[in-house]
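Summary of the model geometry
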Amino acid sequence: MKKSLIALAALATISGAAMAQSSVSVYGRLDASLGSEKAGASGAAQSQSQMSSGLLSTSRLGFRGTEDLGGGLKAIFQLETTLGVDTGAAFGAGFDRQSIVGLTGGFGAVKLGRTETAFDDIRDISVGSALWDSEFSPTKIAYANSVGGVAVGHVADYSSRSSNQIRYESPNFGGFTGGISYGLDEQASPVKRDVTAFNLRYRSGPLDVGLGYQEQNHEVSATKREYTTLAGAYDFGAVRVSAGYNMAEQGTLESNGFVVGANMPMGPWDFSVGYAYNKSENAGVDTAKSKGLAFGVTYSLSKRTRVYAAYLNGDAENGAGTEVAERRLYAAGIRHDF
Amino acid sequence: MKKSLIALAALATISGAAMAQSSVSVYGRLDASLGSEKAGASGAAQSQSQMSSGLLSTSRLGFRGTEDLGGGLKAIFQLETTLGVDTGAAFGAGFDRQSIVGLTGGFGAVKLGRTETAFDDIRDISVGSALWDSEFSPTKIAYANSVGGVAVGHVADYSSRSSNQIRYESPNFGGFTGGISYGLDEQASPVKRDVTAFNLRYRSGPLDVGLGYQEQNHEVSATKREYTTLAGAYDFGAVRVSAGYNMAEQGTLESNGFVVGANMPMGPWDFSVGYAYNKSENAGVDTAKSKGLAFGVTYSLSKRTRVYAAYLNGDAENGAGTEVAERRLYAAGIRHDF
Amino acid sequence: MKKSLIALAALATISGAAMAQSSVSVYGRLDASLGSEKAGASGAAQSQSQMSSGLLSTSRLGFRGTEDLGGGLKAIFQLETTLGVDTGAAFGAGFDRQSIVGLTGGFGAVKLGRTETAFDDIRDISVGSALWDSEFSPTKIAYANSVGGVAVGHVADYSSRSSNQIRYESPNFGGFTGGISYGLDEQASPVKRDVTAFNLRYRSGPLDVGLGYQEQNHEVSATKREYTTLAGAYDFGAVRVSAGYNMAEQGTLESNGFVVGANMPMGPWDFSVGYAYNKSENAGVDTAKSKGLAFGVTYSLSKRTRVYAAYLNGDAENGAGTEVAERRLYAAGIRHDF
């Protein structure tokens with residue numbers, strides 16, 4: 001009995017400290033790799049040994065928390081910065097990845113601040129696995145307006161995040177969810193610079209399909225860009241396959257592309273492959289074509305830590321079909337979550 | 001008994017982790033709102049929809065802790081950055097709000113580093129409530145040297161914080177406290193750029209009154225600014241009223257202003273109103289007059305989370321009495337502490 | 001029994017929160033002092049009152065953690081930024097002090113990212129105590145290429161850290177440890193900009209000796225710098241003495257220097273003294289000579305908090321033996337770890 005009283009006393013002491021902490025969780029992901037990359041104009045590019053941060057998925061550091069307000073209502077917040085674990089770079093643009101405060105409940109979730117657009121969620125389906133959301137992604141080449149600094153004629157890729165954004169996410173209706181986001185124009189009228197997006201998604205058992213749309217306006221430069229994505233994935237157990245179709249328009253310039261991928265878990269191993277292709281034309285005349293292929297394998301040392309090896313190969317052609325740029329990289333690394 | 005032993009064992013495990021954490025507390029405040037603002041030259045200003053950070057009170061993220069050194073002596077530290085929850089901006093100027101280490105004890109408190117000047121504490125009394133310390137404050141207009149970018153002829157507002165500062169805060173003597181702060185000149189002599197301030201405050205039951213003085217020197221530009229504030233508040237229970245008088249001098253330029261406010265708590269609701277006025281003259285000739293009025297209402301979802309709506313209206317005149325600048329904003333938002 | 005059940009219940013509640021935190025530890029060091037410094041060209045330098053950050057040891061804020069992967073293997077990470085507690089400066093260059101992820105085990109440790117070079121560890125031995133690793137160090141003057149902004153003819157001091165670095169640290173073999181680090185060239189060939197370093201160290205009881213070597217290449221400016229250090233310390237109990245010899249070469253320019261130090265703990269007190277000397281010649285012709293002397297005393301208020309006073313005096317001569325620069329400072333401060 002004495003011991004339990006001591007326990008209680010010790011508990012009281014701790015709980016003060018622990019409680020003070022309980023509303024905030026510090027978390028992060030560090031992804032560092034060593035490898036070689038060759039990127040630039042075709043024929044002129046030279047390969048280089050390098051350390052990279054975020055090859056598999058962006059290195060980050062964040063703070064987040066939830067407060068139960070009763071009646072199913074919760075206050076939420078999240079602050080997250082990109083990290084360059086290779087150089088220590090952080091907070092260069094503050095909490096550039098996540099900076100939101102909001103409420104969740106039976107009605108869904110409302111978030112205010114900087115975060116992903118609703119459109120960005122659907123792109124995530126087709127890129128298949130955690131392997132495909134960063135530098136290593138073949139889509140980085142296929143949809144890139146330049147490969148290794150050599151400009152090509154695609155519609156610029158979409159903005160995955162927006163500041164000054166209000167975002168609503170619906171609850172789950174028998175597998176269906178929807179989301180809408182609007183990043184406010186904060187220039188004086190008539191200049192507009194806003195980002196509007198929505199998504200519709202259906203998830204049930206092994207199936208995950210979604211449709212996304214995003215519109216970006218900039219009235220001064222008179223540019224309006226529209227992005228449409230239809231993507232899906234099916235998990236067969238031994239293998240998960242995914243595919244997505246993407247269309248981007250800006251005036252008379254139009255880009256059409258797709259991405260396909262598969263990943264196979266085998267015990268602690270996970271093997272992945274992905275391919276992305278994109279073709280653009282201006283008023284019916286070809287302007288650019290680019291494609292990327294990537295392979296990856298990860299080995300889990302624990303739920304939070306894995307080592308990996310990856311290979312990426314891609315190139316870009318001009319409208320005449322001549323290869324103008326190339327990018328090739330291989331690397332091995334470690335990714336740790338905390 | 002077995003259970004209590006298990007408890008102890010579990011406790012031992014936890015306490016290692018908890019103890020490692022116990023000296024630091026991560027905390028913050030996220031204040032995001034949606035609204036409309038019209039600010040600029042009178043007649044020419046256009047209104048704009050926007051998301052704001054820190055309308056009620058500045059969004060922030062910090063780390064702080066206390067170590068008990070025995071005999072009533074404690075070591076303290078605090079690091080705090082301004083956050084722009086709308087864009088994720090943070091650490092742009094490092095821990096710009098608080099960056100101090102110090103000691104507290106029976107003698108009071110001594111803090112070294114960057115923090116508020118002793119003068120700034122007294123301004124806090126007259127601005128009445130948590131509603132009035134940020135963008136939303138009518139004093140932001142009344143004491144502003146420009147409203148919406150249109151310069152007017154006031155003495156520039158005081159520096160609320162100083163780097164390289166040593167600050168002393170006395171213990172409480174029967175309701176009386178005093179404080180003094182000195183921000184060092186860190187330029188080679190004879191250039192001086194220092195900030196000296198003190199305050200005297202009396203708090204007893206519903207009454208809170210204070211006097212503050214601050215002097216800012218810059219020998220190169222040959223400017224010396226002096227600020228004096230007398231402020232007080234009385235809490236009647238149903239309503240808390242506050243008022244402050246402010247005088248600023250720079251050579252022949254002199255500004256005189258006041259601020260009055262009231263806030264009424266009603267269950268989870270809190271209604272606030274504030275008005276601020278400032279008038280300047282140079283060698284007896286009027287140079288500027290400006291004023292601001294603000295209303296606010298907050299609804300507490302919990303101790304840590306509240307939603308709010310706010311309205312602000314202000315303008316500035318030149319010496320001839322012609323309105324030259326205006327600012328009007330209304331917004332609704334959420335503020336979450338963690 | 002009831003109480004122990006309550007303890008268990010409370011424990012369960014806490015452990016969720018505490019566990020969520022257990023993988024990350026937030027830590028730091030804040031070192032602030034007030035003093036006077038006179039630094040610049042001899043005869044022309046003027047003394048100035050100032051607040052300093054990191055006089056004894058650099059102020060910092062960090063996040064670190066360890067994950068047990070089983071079989072003796074652990075994943076580790078550390079992120080650490082320099083703080084300027086006097087001004088709040090932080091994250092100016094991100095996590096400039098530490099930004100690593102790695103693995104430790106029976107084989108030693110492997111770290112990827114930004115951290116100290118293997119050479120830097122040996123310099124730490126000869127600088128004797130915690131007193132000697134920052135602004136206060138006499139080596140700051142002796143090895144400085146300029147004292148108070150007046151350039152002198154030494155080989156520039158070594159880079160204590162490198163980005164894009166892979167570092168290996170051996171396990172302890174009967175007192176012996178070794179380390180090697182390589183900071184990758186990340187410019188396109190043939191430009192090289194890499195940092196290679198190793199160390200060998202023997203620690204046994206009161207003895208600590210080490211050898212370190214570092215090579216820095218920059219092919220564009222055609223500079224290659226080599227640094228060699230031999231250092232050791234012996235703890236007699238009442239006093240710990242340390243000494244180090246340092247050689248630096250860059251083309252025909254060669255610098256040779258040494259540092260000696262002692263520190264005496266007496267209860268909560270610790271008295272320190274250090275002296276450093278450096279002399280350079282270019283193709284046999286003297287170019288520069290500089291030296292620094294420092295005294296310090298610390299008083300521990302606790303394991304984590306100490307107050308201190310320090311004095312430093314140094315100067316630099318040109319090749320003709322004329323004193324060209326001087327630096328003198330004294331200060332008193334507080335250092336707090338959390």
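Our structure's up above, just so we're on the same page.
Here the structure is a predicted model, which means the values were calculated and not measured. (Residues numbered from 1 in each chain as written. Chains lettered and ligands numbered in written order. Predicted model: local features only at pLDDT ≥ 70, side-chain atom pairs only at ≥ 80, totals over all residues. Heavy atoms only, no water.)

1. Re the pairing of strand E4 (residues 73-84) of chain C
Residues and elements named next belong to chain C.
- In this structure, strand E3 (residues 60-70) lies alongside E4, joined through ten bridges in antiparallel fashion. Its bridge partner being in E4, Gly-70 is matched across the sheet by Leu-73.
- Counting the residues that bridge the hairpin from E3 to E4 gives two residues, and of these Gly-71 lies at a positive phi of roughly 65 degrees.
- By the bridge criterion, seven bridges tie E4 to strand E6 (residues 98-105) in an arrangement that is antiparallel. Note that in E6 the partner of Phe-77 across the bridge is Val-101.
- Judged from the two bridges that link them, E4 and strand E5 (residues 89-90) form a sheet pairing that is antiparallel. Residue Leu-83 lies in a different strand from E5, and its bridge partner there is Ala-90.
- What sits between E4 and E5 in their antiparallel hairpin is a turn of four residues, with Gly-88 showing a positive phi close to 90 degrees. (Pairing = 2+ DSSP bridges. Helix = DSSP H or I, 4+ residues; strand = E, 2+ residues; numbered from the N terminus.)

2. Brief notes about the pairing of strand E18 (residues 285-300) of chain A
All names here are of chain A.
- Relative to E18, strand E17 (residues 269-282) runs antiparallel, the two sharing 14 bridges. Note on E18: the bridge partner recorded for Trp-269 is Tyr-299.
- Here E17 folds back onto E18 in antiparallel fashion, the turn holding two residues, of which Ala-283 has a positive phi close to 50 degrees.
- When E18 meets strand E19 (residues 305-318), the two strands line up antiparallel, connected through 13 bridges. Note that in E19 the partner of Ser-290 across the bridge is Ala-316.
- A loop of four residues connects E18 with E19, the two strands running antiparallel in sequence.

3. Description of helix H2 (residues 118-126) of chain A
- With respect to burial, H2(A) is a largely interior element, eight of its nine residues being buried.
- Within H2(A) the residues assigned to the buried category are Ala118(A), Phe119(A), Asp120(A), Asp121(A), Ile122(A), Arg123(A), Ile125(A) and Ser126(A). (Buried < 20%, exposed > 50% of the residue type's maximum accessible area, 1.4 Å probe, protein only.)

4. Some remarks on the side chain of Glu37(C)
Residue and element names in this part refer to chain C.
- Secondary-structure assignment places Glu-37 in strand E1 (residues 25-41).
- Judged by relative accessible area, which is 16%, Glu-37 ranks as buried.
- Engagement of the side chain of Glu-37 in a polar contact is seen with the side chain of Gln-50, the distance being 2.8 Å.
- Among the polar contacts listed, one links the side chain of Glu-37 to the side chain of Arg-327, at a separation of 2.5 Å.
- Those residues in contact with Glu-37 that lie beyond four places of it in its chain are Gln-46, Ser-47, Gln-48, Gln-50, Arg-327, Arg-328 and Leu-329. (Polar contact = N/O pair within 3.5 Å; in protein donor to acceptor, adjacent residues only side chain to side chain. Contact = heavy atoms within 4.5 Å.)

5. Brief notes about the packing of aromatic side chains
- In this structure the tally under the stated criterion is 49 aromatic pairs over all chains.
- Seen from their ring centres, Phe295(B) and Tyr311(B) are 6.5 Å apart, and the 25 degrees between their planes marks the pair as stacked. Residue Phe295(B) is located in strand E18 (residues 285-300), and its partner Tyr311(B) is located in strand E19 (residues 305-318); the two are separated by 16 residues in the primary sequence.
- Under the relative-accessibility criterion, Phe295(B) is labelled partly exposed at 41%.
- With a relative accessible area of 29%, Tyr311(B) lands in the partly exposed category.
- An aromatic cluster of at least three residues, connected via ring pairs, comprises Phe63(A), Phe91(A), Phe95(A), Phe63(B), Phe91(B), Phe95(B), Phe63(C), Phe91(C) and Phe95(C).
- Note that Arg123(A) overlies the ring of Tyr143(A), its terminal NZ or CZ placed 4.6 Å from the centroid. (Phe/Tyr/Trp six-rings, centres within 6.5 Å; stacked < 30°, edge-to-face > 60°. Lys NZ or Arg CZ within 6 Å of the ring centre and 35° of its normal.)

6. Thoughts on a nonpolar patch on the surface
Residue and element names in this part refer to chain A.
- A contiguous nonpolar patch, built from Phe-107, Tyr-168, Ile-180, Phe-198, Leu-200, Leu-211, Leu-230, Tyr-245, Phe-258 and Val-260 and spanning about 860 Å² of accessible area, is present on the exposed surface.
- For the nonpolar patch, the elements supplying multiple residues, two or more each, are strand E12 (195-204) and strand E16 (253-266).
- Topologically, Ile-180 is positioned in strand E11 (residues 176-183).
- Look at Ile-180 and you get partly exposed, because its relative accessible area is 45%. (Patch = residues over 30% accessible without salt bridge, like charges linked within 9 Å, V, L, I, M, F, W, Y side chains within 5 Å. Areas by Shrake-Rupley, 256 points an atom, 1.4 Å probe, with all protein chains shown as cover. Salt bridge = Lys/Arg side-chain N within 4 Å of Asp/Glu carboxyl O.)

7. Things to note about the nonpolar core
- Core analysis: the largest hydrophobic core is formed by 63 residues, its most contacted members being Phe63(A), Phe63(B) and Phe63(C).
- Those residues in contact with Phe63(B), other than ones at most four positions away along the chain, are Phe63(A), Val24(B), Ser25(B), Val26(B), Tyr27(B), Phe77(B), Gln78(B), Leu79(B), Phe95(B), Val26(C), Leu61(C) and Phe63(C). (Core = buried A, V, L, I, M, F, W, Y, C linked by side-chain atoms within 4.5 Å.)

8. Comments concerning the pattern of salt bridges
- Applying the stated criterion to the full structure yields 39 salt bridges over all chains.
- Of the charged contacts, one joins Arg29(B) and Asp337(B) as a salt bridge, the two residues approaching to 2.7 Å between their closest N and O atoms. Taken together, the residues span a long stretch of sequence, with Arg29(B) in strand E1 (residues 25-41) and Asp337(B) in strand E20 (residues 323-337) at a distance of 308 residues.
- For Asp337(B), a relative accessible area of 17% corresponds to the buried category.
- Among the charged side chains, a salt-bridge network with shared partners connects Lys111(A), Asp121(A), Arg167(A) and Glu169(A).

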